[in-house]
Structures are given as C-alpha cells and as structure tokens.
Amino acid sequence: MLIDWFTVIAQVINFLILVWLLKRFLYGPILNAIDAREKRIADKIADAEAKKSEAQKERDEYQQKNKVFDQQRKEHMNQVMETAKTEHAQLLDTARQETENLRTSLQLSLRNEMLDLNEELSRRAREEVFSIARKTLSDLAGASLEERMTDIFLERLRELNDVQMTEMKSALITSPDPLLVRTAFKLPTAQYSAIETTIKEILGQDKQVEFNIVPDLVSGIEISSNGQKIAWSIAEYLDSMAMSVNSMLKKSTLIQNENEALDHPKTEQGSSKNGA
Amino acid sequence: MNLSPDNIIFWQAGIFKLNATIVYTWGLMLVLVLGSKLITRKLSTDLERSRWQNLLEIIVTGINQQIEEVGLKNPRKYLGFLGTLFLFVAMASLFTIVPGYEPPTGSLSTTAALAICVLVAVPMFGIEEAGFGRYLRAYTQPTIIMLPFNIISEISRTLALAVRLFGNMMSGTLIIAILLTITPFIFPIIMSVLGLLTGMVQAYIFSILATVYIAAATRARKPEPEPKLEEKTTPDNNKRINHG
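How each quantity is defined
Residues numbered from 1 in each chain as written. Chains lettered and ligands numbered in written order. Predicted model: local features only at pLDDT ≥ 70, side-chain atom pairs only at ≥ 80, totals over all residues. Heavy atoms only, no water. Contact = heavy atoms within 4.5 Å. Buried area = accessible area lost by both parts, 1.4 Å probe. Polar contact = N/O pair within 3.5 Å; in protein donor to acceptor, adjacent residues only side chain to side chain. Helix = DSSP H or I, 4+ residues; strand = E, 2+ residues; numbered from the N terminus. Nonpolar A, V, L, I, M, F, W, Y, C, P; charged D, E, K, R; others polar. Phe/Tyr/Trp six-rings, centres within 6.5 Å; stacked < 30°, edge-to-face > 60°. Buried < 20%, exposed > 50% of the residue type's maximum accessible area, 1.4 Å probe, protein only. Lys NZ or Arg CZ within 6 Å of the ring centre and 35° of its normal. Patch = residues over 30% accessible without salt bridge, like charges linked within 9 Å, V, L, I, M, F, W, Y side chains within 5 Å. Areas by Shrake-Rupley, 256 points an atom, 1.4 Å probe, with all protein chains shown as cover. Salt bridge = Lys/Arg side-chain N within 4 Å of Asp/Glu carboxyl O. Lys, Arg positive; Asp, Glu negative; His and termini not counted. Charge placed at Lys NZ, Arg CZ, Asp CG, Glu CD. Expected span 1.5 Å × (residues − 1). Arc of directions from axis to C-beta. Axes fitted to C-alpha atoms, helices over the stretch in contact; angles between N-to-C directions. Parallel < 35°, antiparallel > 145°, perpendicular 65-115°, else oblique. Left-handed = near helix turned anticlockwise from the far one by under 90°. Pairing = 2+ DSSP bridges. Right-handed = clockwise from strand over helix to strand, strands pointing away. Core = buried A, V, L, I, M, F, W, Y, C linked by side-chain atoms within 4.5 Å.

1. Digging into the interface of chain B and chain A
Reasoning step 1: Listed by partner, the interface residues are 49 residues for chain B and 32 residues for chain A.
Reasoning step 2: Of the roughly 3,800 Å² buried where chain B meets chain A, counting both sides, 73% is carbon and sulfur surface.
Reasoning step 3: Viewed at the interface, chain A and chain B are joined by twelve residue pairs in polar contact (both at pLDDT 80 or more).
Reasoning step 4: For the side of chain B that touches chain A, the secondary structure elements donating two or more residues are strand 2 (16–19), helix 1 (20–41), helix 2 (51–70), helix 3 (75–94), helix 4 (108–130) and helix 8 (227–243) of chain B.
Reasoning step 5: With ten residues, the single largest contributor to the side of chain B that touches chain A is helix 1 of chain B.
Reasoning step 6: Residue classes in the side of chain B that touches chain A are distributed as 25 nonpolar, 15 polar and nine charged.

Structure representation (structure tokens):
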C-alpha cells in the first residue's frame, strides 16, 4: 500500500504547523515590512505632492504679484512720463514766453532808446539850427536891417484891419502910460521920428513914445501899451518854424511806431518757429 | 529499492513510526522556519535592505500576486495556506540536490495529506466567504442532477492533485535512481536538473490548482462581485507590482 495513513495524518499536522509557523515568521513580518515601507513611500510621495502643490501655489502667487507689480510699475512709469511731458511742455512754454517777453521788452527798450536818441538828436539839431540861425541873424542884424525892419513894422501897422485898428487905438489912447517901443538895437534918429510920426498918424493925436533897447528881440520891434502889443521880429518866424518842425517830427515818430507795430507779429512768428 | 520514503522507517512503536517522510518534512520545516526567522529578525522598512530580505519579499509578493491574478480578492488571507503549499513542495524538490535526501513529496502519503488539506480548505474558505447554505447550494447548480457529478468532481480533482504530485516527484527520484545504476556519471546530473525543474513546475501547478479551486469556491458562488472591493485593491496591487 502506497498510502500510510499514520504518515498522512502526521503530514497533515506537520503541514498545518508549518502553515502557522510560516505565517508567524515569514509572511507576517515580510508583509508588515513591505506595508511599512509602502506607507513610508506613500507618505513621502504625499509630502512631496503637498510640497509641490504648495510650491506651485506660491509660485502662482508670486507670479500674480509680479504681474501686478509690473503693471503698477508700468502705470507709474506712464504717469511719470506723462507728467514729465506735461512739465516739459509747460517749462518750454514758460521759457518761450519769458524769452518772448524779454525780447519784446528788449525791443521796446531798444526802440525807446532809439526814439529817445532820435528825439534827442532832432532836438539838438533843431536847437543847433535855431541857435545858428539866431546867431547868424543877430550877427547880420545891423542898422540897415533895422531900418528895413522898421519900415516893415510900420507898414504892418498901417495895414491892420479896422477891428484891430479900433481895438489898438482905444487901448493906446485910454492908457495913461506912454507908448513903449522896444527894439533890439539902437535905431537911427530918423527911424525913431518915422515911428513917432506913423503912430501919430494912426492914432490921430499926440502920444508920448518911449524907446527901449532889448537885445533878446532878434531883429525885431514891438509896441506895447495897456496889455496891447504889436510886434514883429525874426524870433517869431523862428518860433513858428520850430513848432512846425516839432509837429513834423512827432508825426514821423507816430508813423514809425505804427509800422513797427505792424511788423512785430511777423517777427514773433518767426522767432517761435525757431524756438520749436 | 523503495518506491516511497515512507518505507524508510527510523523508529516505530505500534502504529507510531518515524519514517523518512516525516523526518525530512521536519527537516524542511526546520530549514524554512529557521531561515525565515533568521532573515526576518532584522527586517528593514527603509529603501535599503539585505539581499535575503529582498529574496523573501520577492517570493512572498510573487505568491501574493499569483493568488491575486487567479482571481482571489483578498490574497493575504490565503497567502498562509497557498504560499506554504508552494514553498513546501518547492523546497522539497529543491533539496533533491542534497545527496541522500528523499523528497517527502515523493510519498503518496504526503501528497495525499496536502490534497486532503486542499479538500478541506476549499469548502472552508467557500463557506467563510459565501455562507454555509449558499455554498452547499452551489453543488446543485445549475440543476439538482449535477449534485453527484459535482461531488465526484470535487473528490476526483483532489485525488488527481495528490497523484499528480506524487507521480512526478516519485518518477523523478526513481529515474535518477535507475539512471545511477546504468550511467553513474553526468547523465543523472542532467536528470537531476530536469527533476528540479519538474519539481518547481509541480509546486507551481499544485499551489495554483489549489488557488483556482479556492477561487472557484469563493468567487463563482457569489451572486455579484463587489465592485468597491475591487476598486480598493486594484491601485494597491499595481503599487505592489511596481514596487516588486
């Protein structure tokens, strides 16, 4: 018989004991070790995952922050640039304005100076001209000239119109003072008598005549009494001439000013172009 | 010439006897247990571990994986029984390289004992998993007529299990013994190598068949597989496969 039942039973028992022993000493410890290791690995992986996700989160956060920061910086930069541009434009404008003002004031002062100079020049010239004329006439004035002057004066007296004549007559007659005749030079006696005669003729009555010599009268003769005065002198001519010269000068200055005022915008435009 | 190590009796008292089968079985048990104890004495749970621990881990996880691949949902529960079956049979044939050793699996008593263990374990696990009534009812599936056939199938497959292992192991040792008398050099060594291979294959076949029977008893008689359990175990298994 190939089967020995005692051995079979013994082997069954042996096998069961072996099962128990191996469970106790082999499978249990080995599986526990594997489980522990796997748990450790899983823990490590989970830890790494957690760290990774945390890092990812932080990276995202930082990226977001960076983005915001960049945007803010850009905005600030733009703002600063804008402000700088505005400031630049403003400063330029101000500088241009100041330059313009300075230029205008400079031009104005230059023009004023020029005008002053012109005026001064013309005044000097006029004065010189008149002084020369006055001096020449004074130098030239002599007896013959005085004679001729007296003639013209007397002629003027005779040629007075009726109203003037009446006024003069009444003035001369009513005045208690003697008639005052002033001349620049001492006249010859014939002249004096001729004047006295003519006055008598005009007034139709005797009137005491007093002769005075006043060198300021440039080659002239003057009768005055009771506020009335009849005179003729070269100084009058000279005065009227000076007046006309002055008015002419004033006129020319005005025209010059107007011309410059018209020219001014053009030059300003040109200067602004150069400035830009 | 002995056909079975049962016939080599060292000591006997009545029906109690100490034959080679039992003695060598004890020897194997001692080697297995002591080896396990020595190696598992200082197990490392770190990534660094000794080569012996690696070997044991490979064996254990390999068996575990095989059980799972056959279709058992909770392989650790069956690992003790099926793993020991495999290890015992494998070690029994592996030790044939030791001169004077007779594999205990070359005795029909041992293979019968193992087959009986399987015969008992299959309904045990089946009943534990499916319940007594439902397990017994499975014998009448698909009809009541199938009941005797199912019972015959249960017994005959157990018998086949025992005889298959016995025949293979016995033939291996027998061939070597015969060849030793004819050609004492080289050729027996080749046959011994072949015997080792056969032994390993038999160990695999024996334990895988037992696994299949248990799987059939536990799974096939269940009305519906539990999907939750599957989902729960699948990633775990994958991890273990990768790890191994």
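2. Let's talk about the packing of aromatic side chains
Aromatic rings considered in pairs are described by the distance between their centres and by the relative angle of their planes.
Residues and elements named next belong to chain B.
Reasoning step 1: This structure, assessed with the given rule, holds eight aromatic pairs over all chains.
Reasoning step 2: With a centroid separation of 4.8 Å and an interplanar angle of 70°, the aromatic rings of Y78 and F125 are classed as edge-to-face. You can see Y78 sitting in helix 3 and its partner F125 sitting in helix 4, a full 47 residues away along the chain.
Reasoning step 3: Aromatic pair F95 and Y101: ring centres 6.0 Å apart, planes at 50°, arrangement tilted.
Reasoning step 4: Residue F95 is classed as partly exposed on the basis of its relative accessible area of 23%.
Reasoning step 5: Geometry around Y213 places R157 over its ring, the cationic atom sitting 3.9 Å from the centre.

3. Here we look at a positive patch on the surface
Reasoning step 1: Taken together, R24(A), K37(B), R41(B) and K42(B) make up a surface patch of like positive charges.
Reasoning step 2: With a relative accessible area of 41%, K37(B) lands in the partly exposed category.

4. Details of a nonpolar patch on the surface
Reasoning step 1: Together, W5(A), I116(B), L119(B), V120(B) and M124(B) make up a nonpolar patch on the protein surface, roughly 470 Å² of accessible area in all.
Reasoning step 2: Considering every element that reaches the nonpolar patch, the biggest residue donor is helix 4 of chain B, with four residues.
Reasoning step 3: With respect to the helices and strands, the residue M124(B) is situated in helix 4.

5. Digging into helix 3 (residues 162–174) of chain A
All names here are of chain A.
Reasoning step 1: Along its 13 residues, helix 3 runs 18 Å from first to last C-alpha, staying within 8% of the 18 Å computed at 1.5 Å per residue.
Reasoning step 2: Of the positions making up helix 3, those classed as buried are M165, M168, A171 and L172. Along the axis of helix 3, the buried residues cluster in a sector spanning 135°; they form a single face. Opposite the buried face of helix 3, at more than 90 degrees from it, the exposed residues are D162, V163, T166 and T174.

6. Some thoughts on the side chain of S93(B)
Reasoning step 1: Along the chain, the position of S93(B) falls in helix 3.
Reasoning step 2: A residue is classified by how much of its surface remains accessible, and S93(B), at 1% relative accessible area, is buried.

7. Details of the packing of helix 1 of chain B against helix 3 of chain B
Residue and element names in this part refer to chain B.
Reasoning step 1: Where helix 1 contacts helix 3, the two axes come as close as 10 Å, and the packing angle between them is 110°. Classified by the interaxial angle, the pair formed by helix 1 and helix 3 is roughly perpendicular. The interaxial crossing formed by helix 1 with helix 3 has right-handed handedness. Counting all contacts with helix 1, which are made through T25, L28, V31 and L32, the residues of helix 3 involved are F88, M91 and A92.
Reasoning step 2: Classifying every residue of the contact of helix 1 with helix 3 gives six nonpolar, one polar and no charged.

8. What to know about a negative patch on the surface
All names here are of chain A.
Reasoning step 1: Where like charges cluster on the molecular surface, the negative patch consists of E54, E58, D60 and E61.
Reasoning step 2: By secondary structure assignment, the location of E61 is in helix 1 (residues 5–140).
Reasoning step 3: In this structure E61 comes out as partly exposed when scored by relative accessible area, which is 43%.

9. Comments concerning the pairing of strand 1 (residues 9–13) of chain B
Residue and element names in this part refer to chain B.
Reasoning step 1: As judged from the four bridges shared by strand 1 and strand 2, these two strands associate in the antiparallel manner. Bridge pairing in strand 2 places W11 opposite L18.
Reasoning step 2: Between strand 1 and strand 2, which follow one another and run antiparallel, lie two residues, and G14 among them has a positive phi close to 70°.

10. Describing the pairing of strand 1 (residues 179–183) of chain A
Looking down a regular strand, the side chains alternate between one sheet face and the other.
All names here are of chain A.
Reasoning step 1: Side-chain alternation along strand 1 places L179, V181 and T183 on a buried face and L180 and R182 on a face that remains uncovered.
Reasoning step 2: Pairing of strand 1 with strand 2 (residues 209–213) involves five bridges; the strand directions are parallel. Across the sheet, residue R182 finds its bridge partner in strand 2, namely N212.
Reasoning step 3: With helix 4 (residues 189–203) bridging strand 1 and the parallel strand 2, this β-α-β connection has right-handed handedness.
Reasoning step 4: Taken together, the four bridges between strand 1 and strand 3 (residues 220–225) define a ladder with antiparallel strand orientation. Across the sheet, L180 pairs through a bridge with S224, a residue of strand 3.

11. Remarks on the nonpolar core
Reasoning step 1: Counting 61 residues, the largest nonpolar core has F81(B), L82(B), L85(B) and V118(B) as its most contacted members.
Reasoning step 2: Of all the elements in the fold, those that place two or more residues in this core are helix 1 of chain A together with helix 1, helix 2, helix 3, helix 4, helix 6 (146–182) and helix 7 (187–220) of chain B.
Reasoning step 3: In this structure V118(B) touches F81(B), L85(B), L161(B), F206(B), A210(B) and Y213(B), once residues within four positions along its chain are discounted.
Reasoning step 4: Membership of the second largest hydrophobic core comes to 19 residues, among which are L157(A), L172(A), L179(A) and I230(A).

12. Brief notes about the environment of E100(A)
Reasoning step 1: Inspection of the secondary structure puts E100(A) in helix 1.
Reasoning step 2: Here R103(A) takes part through its side chain, which lies 2.6 Å from a polar atom of the side chain of E100(A).

13. Considering the pattern of salt bridges
Side chains bearing opposite charge may pair, as long as their charged atoms lie close to each other.
Reasoning step 1: Using the criterion set out here, one finds twelve salt bridges over all chains in the structure.
Reasoning step 2: A salt bridge links R73(A) to D70(A), with the shortest nitrogen-to-oxygen separation between them at 4.0 Å. Within this pair, R73(A) and its partner D70(A) are both found in helix 1, separated by three residues, close to a single helical turn.
Reasoning step 3: A salt bridge links K77(B) to E128(B), with the shortest nitrogen-to-oxygen separation between them at 3.2 Å. Taken together, the positions of K77(B) in helix 3 and E128(B) in helix 4 put the pair 51 residues apart, joining distant regions of the chain.
Reasoning step 4: On the accessibility criterion, K77(B) (27% relative accessible area) is partly exposed.

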